[in-house]
Amino acid sequence: MVMQAETTTTVADDVVPLAQPFLNGREIELVTEVLRSGRLSLGPMVTRFEDMFASFVGTKHAVAVSSGTTGLHVAAITAGWGEGDEVITSPFSFVSSANIARYTGATVTFADIDPQTLNLDPAAVEAAVTSKTRGIVPVDIFGWPVDMDALSKIAGTHDLTMVEDACEALGATYKGRNVGAAGVPAVFAFYANKQMTTGEGGMLVTDDDHLAAEWRSLINQGRADSGQWLAHDRLGYNYRLSDIASAVGVAQLEKLNRILTMRREVAFAYNRLLADIPGVNIPLADGDGNERSWFVYYVVLDEGIDRNDVMLKLTERGVQCKPYLPSIHLQPYFRELGFREGMFPVAESISARSLALPFFPQMSPQQQQRVADELRDVLAAG
Ligand SMILES: Cc1ncc(COP(=O)(O)O)c(C=O)c1O
């Protein structure tokens, strides 16, 4: 049974939605297979999903988890961070990139970003290293590959462990190599707005047998290698992904290359439609073996334009948009730790001027034209 792509939007017909998953009959078929099998957790569909994922990214192991955040938490534990340690990450990311260090008891330190890539600036990371620094969380923001070679060099010099937050970058390449296959533990996420989805879910990847075994125990209540249900070797968690969610994951992976191509085509069409609108800056173009995996389509407005006013007007005109991303260090619970405006000026400037536009693989040329026309109009009206 192959159905046409179904849209799952709950917005009015005349509204262009921000994001939509790309689903067809295959998800229903595989979920039904799981339900009929009666193996709803710790079953063969999880293993099938993990094996397919590992071969897509090009790592020896993939371990499925309940979300990107739980995967990052587990990776932060095995990175060895804890009380008294400092971990450096990007202020221009989703909060999980920073929260995971705090979950372990470590202190978060931020380093500013590069204004073009919007990823951690290696020189700023080097400057942020202190005698207490134990780790780095590089993030591939908006699907753009972070400069892992430069960061690995810093990590090597200062004996730091790294966890790559690749939650937004499935399918991206760094210097011709798949993101996630750099030899550093990496984590992907499958929330419904991601390149592929399982509703909620995530995946840890590594080539290290010992590390993968430790992750499998940690996400399964710290269970012992003996496999006995009530034997627990360590403090663990229930971060497992169900077979039902894994079935959705397998169906998504089967068409992932097609989804990624469709997303790229929509993004390139936006590039053409928006490039000449005064005040609008489009995303950095691929080059030097670096290829973005299109998670969101964002633009950065020129300084002096009231981004929030532009967003309000776009929303009134039926174009959904989002201020993407606010800087993490200015969230209330980080301000309580003493973080303030002015500490990471590049991230703050981008946060004040960037917005995500409607973006999904099945977006029609008419919908894209409408977004471009409305944005042009709103900006021209001042
Ligand atoms: C950069 C980044 N890190 C971590 C996460 C967390 O993933 P999840 O929402 O699956 O916990 C996300 C997802 O939004 C993300 O974009």
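So, how was this worked out
- Residues numbered from 1 in each chain as written.
- Predicted model: local features only at pLDDT ≥ 70, side-chain atom pairs only at ≥ 80, totals over all residues.
- Heavy atoms only, no water.
- Pairing = 2+ DSSP bridges.
- Helix = DSSP H or I, 4+ residues; strand = E, 2+ residues; numbered from the N terminus.
- Contact = heavy atoms within 4.5 Å.
- Axes fitted to C-alpha atoms, helices over the stretch in contact; angles between N-to-C directions.
- Buried < 20%, exposed > 50% of the residue type's maximum accessible area, 1.4 Å probe, protein only.
- Right-handed = clockwise from strand over helix to strand, strands pointing away.
- Core = buried A, V, L, I, M, F, W, Y, C linked by side-chain atoms within 4.5 Å.
- Salt bridge = Lys/Arg side-chain N within 4 Å of Asp/Glu carboxyl O.

K.L.:
Explanation requested: the sheet that holds strand 13 (residues 354–357) in the structure shown.
P.N.:
Think of a sheet as strands paired side by side through backbone hydrogen bonds, with each pair either parallel or antiparallel. Spatially, the three strands line up as an open sheet ordered 11-12-13, and their pairing is antiparallel. Two strands close off the open sheet at either side, each with one partner strand: strand 11 (280–281) and strand 13. Here strand 11 runs beside strand 12 (residues 297–301); their pairing, made up of two bridges, is antiparallel. Directly across from N281, in strand 12, lies its bridge partner V300. Its contacts with the sheet place helix 9 (residues 256–274) against strand 11, strand 12 and strand 13, and it is angled at close to 25 degrees to strand 12. Along the sheet, helix 10 (residues 307–316) contacts strand 12 and strand 13; its crossing angle with strand 13, the most-contacted strand, is approximately 20 degrees.

K.L.:
Explain the pairing of strand 2 (residues 86–89) to me, please; I cannot follow it from the model alone.
P.N.:
A regular strand carries its side chains on alternate faces of the sheet. Because side chains alternate across strand 2, one face comprises the buried residues E86 and I88, and the other comprises V87 and T89, equally buried. Across four bridges, strand 2 lies against strand 3 (residues 107–110) in parallel orientation. In the sheet register, T89 faces strand 3, and the bridge partner there is F110. What joins strand 2 to strand 3 is helix 4 (residues 96–103), and the crossover it makes is right-handed. By the bridge criterion, four bridges tie strand 2 to strand 4 (residues 133–137) in an arrangement that is parallel. Following the sheet pairing, I88 is matched in strand 4 by I136.

K.L.:
Sorry, what's going on with the environment of S152 here?
P.N.:
For S152, the location among the structural elements is in helix 6 (residues 148–158). In this structure S152 comes out as partly exposed when scored by relative accessible area, which is 32%. Taking the C-alpha atoms as reference points, S152 and R39, separated by 113 residues in sequence, lie 41 Å from one another.

K.L.:
Can you help me understand the nonpolar core in this one?
P.N.:
Nonpolar side chains in soluble globular proteins tend to be buried together. Formed by 47 residues in total, the largest nonpolar core has its most connected members in F49 and F53. Beyond its immediate sequence surroundings of up to four residues, F49 is in contact with F190, M196, T198, M203, L241, S246, G249, V250 and L253. Of all hydrophobic cores here, the second largest spans 46 residues; its members include A79, I100, W215 and A347.

K.L.:
Is there a simple way to explain the pattern of salt bridges in this structure?
P.N.:
Proximity of charged atoms lets side chains of opposite charge pair with each other. The full count for this structure, using the stated rule, is 16 salt bridges. In this structure, D149 engages K175 in a salt bridge whose closest nitrogen and oxygen atoms are separated by 2.9 Å. Of this pair, D149 sits in helix 6 while K175 sits in the loop between strand 7 (173–174) and strand 8 (177–178); the two residues are 26 residues apart in sequence, bridging distant segments of the chain. With relative accessibility at 36%, the residue D149 sits in the partly exposed group. Its salt-bridge partner being R317, residue E374 comes within 2.8 Å of it at the nearest N-O pair. With E374 in helix 13 (residues 365–381) and R317 in the loop between helix 10 and helix 11 (332–335), the pair connects residues that are 57 residues apart, well separated along the chain. Overlapping salt bridges bring together R317, R370, E374 and D377 as one network.

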